[in-house]
Amino acid sequence: MVRRTKEEALATRHRLLDAAEHVFQARGVSRTTLGDIAKAAGTTRGAVYWHFKDKADLFNAMMERVTLPMEQSVCRIDLGEQDPIEDIRHSMREALRQVVEDPQVRRVFDIATHKVEYVDEMNAVRARHLSARDECQGHLSRGLREAARRRGIRLPVPAATAAHGLHALVDGLIQNWLLEPGAFDL
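It should be emphasised that the depicted structure is a prediction, and the values quoted were computed from it without experimental measurement.

Trainee: Would you take a moment to explain the packing of aromatic side chains for this structure?
Mentor: Enumeration according to the criterion identifies 1 aromatic pair in this entry. Relative to Phe59, the ring of Phe24 has its centre 5.8 Å away and its plane inclined at 45 degrees; by these criteria the two rings are tilted. Of this pair, Phe24 sits in helix H1 (residues 6-27) while Phe59 sits in helix H4 (residues 55-65), and the two are 35 residues apart along the sequence.

Trainee: Would you mind going over the confidence of the model for the chain with me for this structure?
Mentor: Detailed reading of the predicted model is not advised wherever pLDDT is low. Of the residues in the chain, 90% reach a pLDDT of 70 or more, and the chain-wide mean stands at 89. Of all helices and strands in the chain, the one with the weakest mean pLDDT is helix H5 (residues 69-74) (60), whereas helix H2 (residues 34-41) scores best (97).

Trainee: Looking at this structure, I do not really get the packing of helix H6 (residues 84-101) against helix H9 (residues 159-179). What am I missing?
Mentor: The packing of two helices is summarised by the inter-axis angle and the distance between the axes. Look at H6 against H9: their axes get within 11 Å of each other, and the N-to-C directions meet at 15 degrees. Relative to H9, the element H6 lies roughly parallel. Relative to H9, H6 is oriented so that their crossing is right-handed. Listed contacts from H9 to Ile88, Met92, Ala95, Leu96, Val99 and Val100 of H6 are Leu166, Val170, Ile174, Trp177 and Leu178. Here the contact of H6 with H9 is composed, by residue class, of 11 nonpolar, no polar and no charged.

Trainee: I'm lost on H6 in this one. Help?
Mentor: In an α-helix, one turn spans 3.6 residues, which is why side chains three or four residues apart end up on the same side. Between the first and last C-alpha of H6 there are 25 Å, a value that for 18 residues agrees with the 26 Å anticipated at 1.5 Å per step. Every buried residue belonging to H6 is among Pro84, Asp87, Ile88, Ser91, Met92, Glu94, Ala95, Leu96, Gln98 and Val99, and all of these are buried. Its side-chain oxygen at 3.1 Å from the backbone nitrogen of Ile85, Asp83 defines the N-terminal cap of H6.

Trainee: Please clarify how a nonpolar patch on the surface should be interpreted in this entry.
Mentor: Together, Leu169, Leu173 and Phe184 give the surface a local cluster of nonpolar side chains, amounting to about 250 Å² of exposed area. Inspection of the secondary structure assignment puts Leu173 in helix H9. The class of Leu173 is partly exposed, set by a relative accessible area of 35%.

Trainee: How should I be thinking about the side chain of His51 in this particular structure?
Mentor: With respect to the helices and strands, the residue His51 is situated in helix H3 (residues 45-51). When neighbours within four sequence positions are excluded, His51 is seen to be in contact with Ala9, Thr12, Arg13, Leu16 and Asp57.

Trainee: How should the packing of helix H8 (residues 123-151) against H9 be read in this particular structure?
Mentor: Across the interface, H8 lies against H9 with an axial gap of 8 Å and an inter-helix angle of 125 degrees. In this view, H8 runs oblique relative to H9, as classed from their interaxial angle. Remark: the crossing between H8 and H9 carries right-handed chirality. Residues Arg133, Cys136, Gln137, Leu140, Ser141, Leu144 and Arg145 of H8 form the contact with H9, whose own contacting residues are Ala159, Ala160, Ala162, Ala163, His164, Leu166 and His167. Across the contact of H8 with H9, the residue classes tally to 8 nonpolar, 4 polar and 2 charged.

Basis of the calculations
- Residues numbered from 1 in each chain as written.
- Predicted model: local features only at pLDDT ≥ 70, side-chain atom pairs only at ≥ 80, totals over all residues.
- Heavy atoms only, no water.
- Phe/Tyr/Trp six-rings, centres within 6.5 Å; stacked < 30°, edge-to-face > 60°.
- Helix = DSSP H or I, 4+ residues; strand = E, 2+ residues; numbered from the N terminus.
- pLDDT = per-residue confidence, 0-100.
- Axes fitted to C-alpha atoms, helices over the stretch in contact; angles between N-to-C directions.
- Parallel < 35°, antiparallel > 145°, perpendicular 65-115°, else oblique.
- Left-handed = near helix turned anticlockwise from the far one by under 90°.
- Contact = heavy atoms within 4.5 Å.
- Nonpolar A, V, L, I, M, F, W, Y, C, P; charged D, E, K, R; others polar.
- Expected span 1.5 Å × (residues − 1).
- Buried < 20%, exposed > 50% of the residue type's maximum accessible area, 1.4 Å probe, protein only.
- Polar contact = N/O pair within 3.5 Å; in protein donor to acceptor, adjacent residues only side chain to side chain.
- Patch = residues over 30% accessible without salt bridge, like charges linked within 9 Å, V, L, I, M, F, W, Y side chains within 5 Å.
- Areas by Shrake-Rupley, 256 points an atom, 1.4 Å probe, with all protein chains shown as cover.
- Salt bridge = Lys/Arg side-chain N within 4 Å of Asp/Glu carboxyl O.

Dropping the structure here:
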């Protein structure tokens, strides 16, 4: 067996993740085998198993490499000096902009929302998706509560309910735009 340098191993890992993005998008996650990904990356299945425990591990690594728009932007909500509503507004705009302008983010988000089934082998992927959603909604909820506190008002619905609705609205806009990007200006 040939020993590889850390740089070569890292390059192989990145090739596998790049290949996974493209093959998952073309075939869907459930119809893609690790052998398909290895072939697309120009490696062996052994290389896939060297870097990843299973398909779910590879999928989650792909997701971690490209933080999804809602995760990245909403985590930046700052409850410091700035108006939390302006932070939320900026975060939502940034998420939409990122999907439109970054092809890799768009591809991974498309895979995560349209090309994956949460079957047994993908339970870890579902858990990651739910965790990211819950974290995002938590940031939004805290921002909305703080905005109400600073304005001295009472929200007409619980902050958690409003956060859930806002997340669903923006997430749904992105998912629908990905189905047909020319249908409307995201």
